[in-house]
Amino acid sequence: MFDDRSPIYLQIADGIKNDVLSGSLKEDEQVMSTNQYAAFYRINPATAAKGFAQLVEEGVLYKKRGIGMFVSPDAREKLRRERRERFFTEVVDPMLAEAKRVGIEIDEIVRHLGGAR
Amino acid sequence: MIELRGVTVRYGSTVAVDGIDLDLPTGKIYGLLGRNGSGKTSLLSALASFRRPAAGTIRVDGADAFENPAVMRQTCFIRDTLDTNESDKVRALLTFAGWMRPTWDADYAAKLLDLFEIDPRKRASSLSRGQKSAVGIVLGLASRAPLTILDETYLGMDAVARAAFYRELLDDYLAHPRTIILSTHLIEEVADLFERVIIIDRGRVLLHEETDELRGRGVTVTGPAMAVGEFVVGRPVLGEQSLGGVSAVTLDWRPTPEEVARGESAGLTFGPVGLQDLFVHLTSSAPRWEATR
């Protein structure tokens, strides 16, 4: 589940964001408590709590005192907007760099993409 | 808060613990890591008042810990010996623990014995190394002591029993939060449970940090020797390997995504450095150095 490339709390936050984006976590739906999350993934609860705190800070989750944490109503739209902004720099540009390394022409990529339309 | 100030442990002319200062907020799981002979057990023995430090003080919630009955009742130190008469039966060990410890949970102890498949009618002397370790774990966890210290309590236990130990440790901690200090050489399999990691080396604290901060702290840069050499200039190097024209350098440094992109376009690849690798690099005897050209 988690790897050594980055702190686990960031990986937790990314995992939950992906669940919100894919719709498997719905808006205003309750997420697991930090203890449930820690028990499920076998990690220290403070690490899980830090991941959730990060999501609250970013506005992806909100807290209801004494009840738990929920997905913010606008979280999915906000995350989509952010990811779309990063799509070209993080996905397309590295792809073009790799294409250049292995000698694939842009025209060839365009033809391939045309097939996916 | 547990506060250690200038704690020193000596055996004759040998200094095992060399003036250690540590502040340990309570209620967390700590991993204590160090090579053989680094002073882990001596430090823990001082912390549990099993040994009077040659110098320095240890305070637990403001009270001096050494031979302080109130602090002792709250502290449970489990080491590889069971600190018992070997002719005692396991059942008797648990009964004694129940008398000594106000927080002892006999039902939980019975459940754990069952889990580790230990017959309480057996004498301590007839147990295998792994079973002795498991009894230590039962005594340690079921004591629910506000300060529980487990010093390499996995010796001789197979992978299945160790996995059961880690599962119980986390579940019982979630249900009954307390301060747990665990020393281990099996870093990889238990690191995710530690909130903080303390690495000691030659009797001194090398590092005391949030475990999660250490993930992604180091990076291994691999590629053509020339490109690697150019990339690592001025960065703290932990280790280096080369084969033919390819070299791999491990750095104690966290690259930004831009730096990774720049390196990748120069033909370099970046690999993670796990906690265990980081530990090996930080505590191996080779001196650390800064790359120069």
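By convention here, each chain's residues receive numbers from 1 onward along its written sequence. In the order they appear in the text, chains get letters beginning with A and ligands get numbers beginning with 1. Reporting in this predicted model follows two pLDDT cut-offs: at least 70 for local features of residues, and 80 or more for side-chain atom pairs to be given and counted; totals over whole chains, interfaces and linings ignore these cut-offs and use all residues.

- With an unreviewed UniProt entry as reference, chain B is termed ABC transporter ATP-binding protein, source organism Paractinoplanes rhizophilus.

- Where an unreviewed UniProt entry is consulted, chain A appears under the name GntR family transcriptional regulator, with the organism given as Paractinoplanes rhizophilus.

1. A short note on the overall build of chain A
Piece 1. A tally of helices and strands in chain A yields five helices and two strands.
Piece 2. Shown N-terminal to C-terminal, the secondary structure of chain A runs as helices and strands in the order α-α-α-β-β-α-α.
Piece 3. Our radius of gyration is a C-alpha quantity, and the globule rule it is checked against amounts to 2.2 Å times the number of residues to the power 0.38. A compact globule built from 117 residues would reach a C-alpha radius of gyration of about 13 Å, whereas chain A, at 18 Å, exceeds it by more than 25%.
Piece 4. Counting only C-alpha atoms and orienting by the principal axes, one finds that chain A spans roughly 55 × 30 × 20 Å.
Piece 5. Think of it as a crowd count around each C-beta: if 20 or more other C-beta atoms lie within 10 Å the residue is buried, if 12 or fewer it is exposed, and in between it is partly exposed, with C-beta placed from the backbone throughout. In chain A, which comprises 117 residues, the proportion classed as buried is 24%. Only DSSP runs of H or I reaching four residues or more are called helices, and only runs of E reaching two or more are called strands; each is numbered from the N terminus.

2. Looking at the sheet that holds strand β2 (residues 14–24) of chain B
All names here are of chain B.
Piece 1. Pairing between strands is defined by DSSP: at least two bridges between them are needed. With antiparallel pairing, four strands are arranged side by side in an open sheet as β2-β1-β4-β5. The sheet is open, and its two edges are formed by β2 and β5 (63–64), each paired on a single side.
Piece 2. In terms of strand pairing, strand β4 (residues 55–60) meets β5 through two bridges, oriented antiparallel. If you follow V60 over to β5, its bridge partner there is A63.

3. Brief notes about the environment of E189(B)
Piece 1. With respect to the helices, strands and loops of the structure, E189(B) is situated in helix α7 (residues 187–190).
Piece 2. Separated by 12 residues in sequence, E189(B) and P177(B) have C-alpha atoms that sit 21 Å apart.

4. Considerations on the sheet that holds strand β9 (residues 196–201) of chain B
Residue and element names in this part refer to chain B.
Piece 1. One open sheet holds the six strands; their spatial order is β6-β7-β8-β3-β9-β10, and the pairing between them is mixed. Unpaired on one side and paired on the other, β6 (75–78) and β10 (204–210) mark the two borders of the sheet. Averaged over neighbouring strand pairs, the angle between their axes works out to 15° when direction is ignored.
Piece 2. Looking at chain direction, β6 and strand β7 (residues 147–151) are connected through four bridges and run parallel. By the bridge assignment, T75 is partnered in β7 with L147.
Piece 3. Distance between backbone-placed C-beta atoms decides contact: two residues are in contact if it is within 7 Å. In this description, a line fitted to the C-alpha atoms serves as the axis of each element, helices being fitted only across the stretch in contact, and the angle between N-to-C directions of two axes falls anywhere from 0 to 180 degrees. Sheet strands touched by helix α5 (residues 129–142): β6 and β7. Its angle to β6, the strand with the most contacts, is close to 170°.

5. Side note on helix α11 (residues 275–283) of chain B
Residue and element names in this part refer to chain B.
Piece 1. Every buried residue of α11 is accounted for by L275, L278 and F279. Buried residues in α11, looked at end-on, bunch into an arc of 100°, giving them a common side.
Piece 2. Packed against the buried residues of α11 are β3 (29–33), α7, β9 and α8 (211–214). Arc, as used here, means the arc of the directions from the helix axis to the C-beta atoms.

6. Details of the interface of chain B and chain A
Piece 1. Across the boundary between the two partners, chain B contributes 17 residues, which contact 18 residues of chain A.
Piece 2. Contributing elements (two or more residues each) for the side of chain B that touches chain A: α6 (159–175) and α8 of chain B.
Piece 3. Top element by residues in the side of chain B that touches chain A is α6(B). It accounts for three residues.
Piece 4. Tallied by class, the residues present in the side of chain B that touches chain A amount to seven nonpolar, three polar and seven charged. By the convention adopted, Pro, Cys, Tyr, Trp, Phe, Met, Ile, Leu, Val and Ala count as nonpolar, Lys, Arg, Asp and Glu as charged, and the other residues, Gly among them, as polar.

7. Quick notes on the packing of helix α2 (residues 34–41) of chain A against helix α3 (residues 45–57) of chain A
Residues and elements named next belong to chain A.
Piece 1. Look at α2 against α3: their axes get within 8 Å of each other, and the N-to-C directions meet at 125°. When the axes of α2 and α3 are compared, the pair comes out oblique. Every pair of crossing elements has a handedness; the one defined by α2 and α3 is right-handed. Together, T34, N35, Y37 and A38 of α2 and P45, A48, A49 and F52 of α3 make up the contact between the two elements.
Piece 2. In terms of residue class, the contact of α2 with α3 is built from six nonpolar, two polar and no charged. Relative orientations are named as follows: roughly parallel for angles under 35 degrees, roughly antiparallel for angles over 145 degrees, roughly perpendicular for angles from 65 to 115 degrees, and oblique for any other angle. In this scheme the handedness of a crossing depends on how the near helix is turned from the far one: anticlockwise by less than a right angle means left-handed, clockwise means right-handed.

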